[in-house]
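The residues making up each chain are set out below.
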Amino acid sequence: MSNRRKDSVSSLERLEQIQYIDNLKNRIFKKGLKYHIVTYGCQMNVHDSEKLAGMLHEIGYTQTDDQRQADLILFNTCCVRENAELRVYGNVGALKSFKQANPNLIIGICGCMMQQNDVSEYIKSTFPFVDLIFGTHNLHRFPLLLLQAMDSNQTVIEILDTEGAVVEHVPAKRAKEVSAWVTIMYGCNNFCSYCIVPYVRGRERSRLKDDILSEIHELAGRGYKEVTLLGQNVNSYGKDLNHKYLFHNLLRDINEINGIQRIRFMTSHPKDLSDELIQTMAECDKVCKHLHLPIQAGSNRILHSMNRKYTREDYSGLVGKVKAVIPEIALTTDIIVGFPGETENDFLETLEIVEQVRYDSAFTFLYSPRKGTPAEKRKDQIPQDAKKDRLLRLNDAVNRISLEKNLAYIGRNVEVLVEGVSKNRTDVLTGRTDTNKTVNLKGDSDLIGKIATVEITNAHSWSLEGRVAVPADLL
Ligand code: 5AD
Ligand code: SF4
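A. Molecular detail of the layout of surface pockets. Estimated volume of the second largest pocket: approximately 990 Å³. As for the second largest pocket, its lining consists of 40 residues, and the residues nearest its centre are C42, V80, R81, Q232 and D334. Among the elements of the structure, α3 (43–58), α4 (82–93), α8 (197–201), β13 (330–337) and β14 (361–366) are those that each provide at least two residues to the lining of the second largest pocket. Tallied by class, residues from the lining of the second largest pocket come to 22 nonpolar, 13 polar and five charged.

And the structure:
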């Protein structure tokens, strides 16, 4: 099978690097070098950074939170919207003085932004102190490229124009201990007219089921309780492999893995939300009752020009079906305002569907023109002020509904998988409900990694507060 052959070739390429790894290890261990990675963008990028970190630990680096202590600073970039790109340029520019203070510092930039035409050349000429630039398709070659950058006084650049095969055996240094990201497929075939992802991440490539299942078995063996399956479009998993083994089959197999207690996934495209998947979500006890189903817009005219391949009626029909089969389902979504040609009436249709679906939460975005996409070439761009005004009105509705839905939790007992200590308050634990609500609670740190029954005592738009009703060890 051609996919299999390509996979083993690329995995071999990764294994071949082991010969360089010893060389690097000797140089890095001796000096006790430290790295700092800055990640922009989505969960796929967050997990890619875990793989970059995994490769760095393999060759002897250790992590530091303090950029000034770092011997290697790596930016893993995103280009989905312009503001992420501007932040990268600002933050890279600010490192010039670091490099002057420490000429041995290595500065690297990788990720989606580097896959765009001319970006690497622009960085090379504007920020000549950058040592290493590489893209998304050759992430597994990072140790080798780093070695080249260490030995060169010029910027090392390696960007591959087309995606290679799926590469296995890249180690990940996971940031969390209870819940793990697992990429199940790469790329996207959908070409929504505003979106740059298919150009920078390539076509859909599913990992082989055995590779995914063995990774999750291994995670369970290491004590992970939850996996979140990642892909730009997870519910088209397997279609490229022609193995007749699709996303719902994968969910059923993961549901059987001992030790894993919760399974999440994102993102799903409405056009690929099959009846089998809805049924599987209802029947598999470990599959969380949460569905992230981006709608993007509520007007059929805009959905058509976005190339989303469904109508608002199709979308409402799907939501009705999901709610009928899984009444407790939490629905979340992505919405863009100010797509070219969007009128006030189109926008009101978006507000209308938000009121109708009553999302638990939504990521809302100002449309950002992306070079090379069909929407960017349109002449009927919406003025920034109008976009911002629509975003404010949309956020008001989204936040009000989120709060109303969260207030309904007060007084209820819910099962929370406790994931760790809260980022903001060290005396507070944090976890999530099956329906993906963040719950902050007071409790002993031995609850971490366990599912506790928690009584909800307070609610905000973005989180709930609670107290332990039944300690995990009494369940
Ligand atoms: N402008 C604004 N938002 C965008 N997204 C993707 N491309 C753009 C763009 N050009 C949003 C979509 C997608 C989410 C990950 O980012 O809502 O679902
Ligand atoms: Fe972009 Fe559309 Fe693919 Fe999502 S489905 S990554 S919005 S092209």
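B. View of the environment of R207. Along the chain, the position of R207 falls in the loop between β9 (205–206) and α9 (209–221). R207 has contacts with V166, E168, V182, T183, I184, M185, Y186, I212, E215, Y237 and L241, leaving out every residue within four places of it along the chain. There is a polar contact of 2.8 Å between the side chain of R207 and the side chain of E168. Looking at R207, its side chain comes within polar contact range of the side chain of E215, at 2.6 Å.

C. Region of the structure containing the site of ligand 1. Taken together, V80, R81, Y194, Q296, D334, I336, F365, L366, Y367, S368 and R370 are the residues near ligand 1. Here a nitrogen atom of ligand 1 and a backbone polar atom of S368 are 2.8 Å apart. Starting from 400 Å² of accessible surface for ligand 1 in isolation, the protein chains cover 85%. Assessed atom by atom at 2 Å from the grid points, ligand 1 resides in the second largest pocket. Put simply, the parts of the chain that give the shell around ligand 1 at least two residues each are β13 and β14.

D. Spatial organisation of the pairing of strand β18 (residues 451–459). Across five bridges, the pairing between strand β15 (residues 413–421) and β18 is antiparallel. Residue pairing across strands places V414 opposite V454, the latter belonging to β18. As defined by bridge partners, β18 adjoins strand β19 (residues 464–470) across six bridges and the pair is classed as antiparallel. Residue pairing across strands places T453 opposite V470, the latter belonging to β19.

Definitions and limits used
Within any chain, residue numbers begin from 1 and follow the written order of that chain's sequence. Working convention: letters from A go to chains and numbers from 1 go to ligands, in the order in which they are written. Local features in this predicted model are restricted to residues of pLDDT 70 or higher, and side-chain atom pairs are both shown and tallied only at a pLDDT of 80 or more, whereas totals for entire chains, interfaces and linings draw on every residue. Side-chain metrics in this entry use all non-hydrogen atoms of the structure; hydrogen atoms and water are not considered. Only protein atoms enter the calculation, which uses a 1 Å grid: trapped sets of points that fit a 1.4 Å probe without letting it out are cavities, open sets showing protein on both sides within 12 Å along at least five of seven lines are pockets, and any residue with an atom within 4 Å of a point is a lining residue. Grid points are joined across faces, edges and corners, and a volume is the space filled by probe spheres set on the points. Put simply, DSSP marks the helices as runs of H or I at least four residues long and the strands as runs of E at least two long, and each gets a number from the N terminus on. The nonpolar class holds Ala, Val, Leu, Ile, Met, Phe, Trp, Tyr, Cys and Pro. Asp, Glu, Lys and Arg form the charged class, and all remaining residues, Gly among them, are polar. We call two residues in contact when some of their heavy atoms are within 4.5 Å. A 3.5 Å cut-off defines polar contacts: any pair of N or O atoms within that distance qualifies, except that in protein one atom must be a possible hydrogen donor and the other a possible acceptor, and neighbouring residues in sequence count only when both atoms are side-chain atoms. Residue proximity to a molecule or strand is established when one non-hydrogen atom of the residue lies within 4 Å of it. Each accessible area is a Shrake-Rupley result for a 1.4 Å probe, and residues are judged covered by the shown protein chains and nothing else. Any molecule with more than half of its atoms within 2 Å of a cavity's or pocket's grid points is counted as sitting in it. Here a strand pair is declared whenever DSSP counts at least two bridges between the two strands.

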